[in-house]
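The chain contents come next:
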Amino acid sequence: MQANEHTVQYGTREIGFKLTYSDRKTLEIAVYPDKSVWVTAPMGSSLDKIRGKVTKRSKWIVKQKRYFERFEQSNQQFEYVSGETHRYLGRQYRLKVIPIDPGEKETVKLKGRFLRIRTRQKENSHHTRQLLNRWYRAHAAHKFDERYKLCLQNLTKYEIPQPEMKLYRMKKRWGSYTPSGKILLNPDLVKHPLYCIDYVIIHELCHTKYPNHDKKFYHLLSKILPDWQKRKHKLERFH
Ligand SMILES: [Zn+2]
């Protein structure tokens, strides 16, 4: 597909976008995880009109880009050293990396406002990260299981099936309902508050009835969880 590059001005910043035409009736703007902006305009629309429409959506475009930026940074910004802030169930904890003797057991524990990692390789941040990720995963397995059962209990009147739930690390998603009928939850979700975890679980459970994000799907989701948008928003902004 041939695309031309254009820009519009939004405050002090320039927003670049790639423009293609199709025989659709309305203009579509999409922001992708690599933060590229693609505009598909109806055949024959004037560039002025297109730029006007893109300018009108500038605020939204910038918001989408920020959303993906946070995803990019979320795992890279850590050095896994004492003093860093890490999250668990939406609460912030200070990291404390404690050196131990070779004969001692490596552990990760929450204590007060601290997340204490006892490690035999204090200077090895890769190792510290592994210890911490293992801890997150174990806690995710436990918490998600607990929340999953609770959600299912509350949904009995909707006659929702009870698919198997598994942990699965995904780059850009918190949860997924697979064609083979399993619910996958990203272990990193355990860094977020319980009400966000519940939202992802219920979202995926609604997919057991309606696989697509169509009217019926959102109708059911809104009936079960009237404030789902608030929860989703919170989840997106939490990094
Ligand atoms: Zn979905």
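Residues numbered from 1 in each chain as written. Predicted model: local features only at pLDDT ≥ 70, side-chain atom pairs only at ≥ 80, totals over all residues. Heavy atoms only, no water.

Student: Would you mind showing me how to read the sheet that holds strand β5 (residues 85–88) here?
Tutor: Through backbone hydrogen bonds, the strands of a sheet pair up, either in parallel or in antiparallel fashion. Reading across the sheet, the four strands line up as β5-β6-β8-β7 and stay open at both edges, with mixed pairing between neighbours. Edge positions in the sheet fall to β5 and β7 (107–111), since each has one partner strand and no second. For this sheet, the mean angle separating the axes of adjacent strands, direction not counted, is 35°. Where β7 and strand β8 (residues 114–119) come together, five bridges link them in antiparallel fashion. Pairing of Lys109 across the sheet is with Arg116, part of β8. Along the sheet, helix α3 (residues 125–154) contacts β5, β6 (91–99), β7 and β8; its crossing angle with β8, the most-contacted strand, is approximately 125°. (Pairing = 2+ DSSP bridges. Helix = DSSP H or I, 4+ residues; strand = E, 2+ residues; numbered from the N terminus. Axes fitted to C-alpha atoms, helices over the stretch in contact; angles between N-to-C directions. Contact = heavy atoms within 4.5 Å.)

Student: Any chance you could explain the nonpolar core here in plain terms?
Tutor: Where a protein is soluble and globular, its nonpolar side chains tend to be buried together. Core analysis: the largest hydrophobic core is formed by 44 residues, its most contacted members being Leu115, Leu132, Phe144, Leu205 and Ile224. Looking at this core, the elements with two or more residues in it are β6, β8, α3, β9 (164–167), β11 (182–185), α4 (194–207), α5 (215–224) and α6 (228–237). The leading source of residues in this core is α3, at nine residues. Ignoring any residue separated from it by four or fewer positions in sequence, one finds Leu132 in contact with Tyr80, His86, Leu95, Val108, Leu115 and Ile117. (Core = buried A, V, L, I, M, F, W, Y, C linked by side-chain atoms within 4.5 Å. Buried < 20%, exposed > 50% of the residue type's maximum accessible area, 1.4 Å probe, protein only.)

Function cannot be inferred from these measures alone, as they are strictly geometric.
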